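Observations on chain architecture
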Amino acid sequence: MTGGYQALKEKIGISWRDESLLRQALTHGSYAYEHPGVANNQRLEFLGDAVLEVVVSDYLYRSFPGKSEGELTRLRAAIVCEPSLARVASGLGMGEALFMGRGEILSGGRERSSILSDAFEAVLGAVYLDQGLTVAAEFALSKLKVVIDDILEGRQERDYKTELQELLQRRSPENVSYVILKEEGPDHAKSFTAGVFYRGECLGKGEGRSKKEAEQRAAREALKALVKGD
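The structure presented is a predicted model; accordingly, all values stated were derived computationally and were not measured. (Residues numbered from 1 in each chain as written. Predicted model: local features only at pLDDT ≥ 70, side-chain atom pairs only at ≥ 80, totals over all residues. Heavy atoms only, no water.)

Let us look at the overall build of the protein. Assigned secondary structure in the protein consists of 12 helices and three strands. Scaling as 2.2 N^0.38, a compact globule of 230 residues should have a C-alpha radius of gyration of about 17 Å, and the protein matches this with 18 Å. Considered along the principal axes of its C-alpha atoms, the protein spans approximately 55 × 45 × 25 Å. A total of 230 residues make up the protein; the buried ones form 44% of that total. Surface summary for the protein: the accessible area is close to 12000 Å², and the carbon and sulfur share equals 49%. Side-chain charges in the protein split into 31 positive and 35 negative, and the spacing between the mean points of these groups amounts to 2 Å. (Helix = DSSP H or I, 4+ residues; strand = E, 2+ residues; numbered from the N terminus. Rg over C-alpha atoms; globule rule 2.2 N^0.38 Å. Buried < 20%, exposed > 50% of the residue type's maximum accessible area, 1.4 Å probe, protein only. Areas by Shrake-Rupley, 256 points an atom, 1.4 Å probe, with all protein chains shown as cover. Lys, Arg positive; Asp, Glu negative; His and termini not counted. Charge placed at Lys NZ, Arg CZ, Asp CG, Glu CD.)

Shown next, in the form of structure tokens:
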């Protein structure tokens, strides 16, 4: 185990029943690719994403009884977005704790926002499986506190997808949709191109190392084009 792994384990601060879950949560696809038979963290990320949405939704619902559904949705989107989760993961030293392939390490994977945010969700999924929802909620909310405080004070990373949705829904109630137009590269080094569509028209495209990142960049390009056109 790396020093980064041990340091992160101490920061998480729980007594693991099955510590192999934590190791799996920190195993990037590039490492699994180089070590056949080793499970990567994608399934745990899937689970952690769902747990995070429930935990944050419950917290906001109980904490802000006066806020509307739309306001709560915007707050949640800002809290669980990739930049926010990557910030928390970086603060925990999660990048240094990841088991990664050599190529991914050399390309700066330990600092990549998409990888860090995915790792945070995977670790949350592991905590949930090992300790249950109450402990998982305590872990998530305690680590996200700095992000939540900044968002409530108006200091936050921009969520371009939410901004675009709000702008367009002032014009029409029709939904905005995102489509992954292209997916390239091996499993451990994927690159995605996303398009954002509204009324059958592609308003913008974006590339990223994750689907979330590509969609955010597509929304950013769409916002630029719409503001320029107005």
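Moving on from the model shown.
So, on to the environment of Ala222. Within the secondary structure, Ala222 sits in helix H12 (residues 211-229). Separated by 137 residues in the primary sequence, Ala222 and Leu85 place their C-alpha atoms 24 Å from one another. Not counting the four nearest positions on each side in its chain, Ala222 is found in contact with Leu164, Val196, Leu203 and Gly204. (Contact = heavy atoms within 4.5 Å.)

Taken together, three strands build an open sheet; the order of strands is S1-S2-S3 and the sheet is antiparallel. On the outer flanks of this sheet lie strand S1 (177-184) and strand S3 (201-208), each paired with one strand and no other. Each strand axis lies, on average, 20 degrees off the axis of its neighbour in the sheet, ignoring direction. As paired strands, S1 and strand S2 (residues 191-198) are joined by seven bridges and run antiparallel to one another. Along S2, the bridge assignment pairs Glu184 with Ser191. (Pairing = 2+ DSSP bridges. Axes fitted to C-alpha atoms, helices over the stretch in contact; angles between N-to-C directions.)

So, on to helix H10 (residues 133-152). In this model, H10 (20 residues) spans only 25 Å end to end at C-alpha, well below the 28 Å of a helix rising 1.5 Å per residue. The largest bend in H10 is about 55 degrees, located at Lys145. Among the residues of H10, Ala136, Ala137, Phe139, Ala140, Leu144, Val147, Ile148, Asp150 and Ile151 are the ones counted as buried. Where H10 is buried, its residues meet helix H1 (3-12), helix H4 (42-63), helix H5 (69-79), helix H6 (82-91) and helix H9 (113-131). With its phi angle positive at about 85 degrees, Gly154 sits one or two positions after the end of H10. (Expected span 1.5 Å × (residues − 1). Bend = angle between axes of the 7 residues up to and from the residue.)

Following both chains from N to C, one finds H4 and H10 inclined at 70 degrees, their axes separated by 10 Å at the closest point. Classed by the angle they form, the pair H4 and H10 counts as roughly perpendicular. Every residue of H10 that contacts H4 at Val51, Leu52, Val55, Val56 and Tyr59 is listed here: Leu133, Ala136, Ala137, Ala140, Leu141, Leu144 and Ile148. Split by residue class, the contact of H4 with H10 holds 12 nonpolar, no polar and no charged. (Parallel < 35°, antiparallel > 145°, perpendicular 65-115°, else oblique. Nonpolar A, V, L, I, M, F, W, Y, C, P; charged D, E, K, R; others polar.)

Along the chain, Glu104 falls in helix H8 (residues 102-106). With a relative accessible area of 3%, Glu104 lands in the buried category. Within the structure, Glu104 has its side chain in polar contact with the side chain of Arg112 (distance 2.3 Å). Beyond its immediate stretch of four places on either side in the chain, Glu104 contacts His28, Ser30, Gly109, Arg112, Ile115, His188, Ala189 and Arg209. (Polar contact = N/O pair within 3.5 Å; in protein donor to acceptor, adjacent residues only side chain to side chain.)

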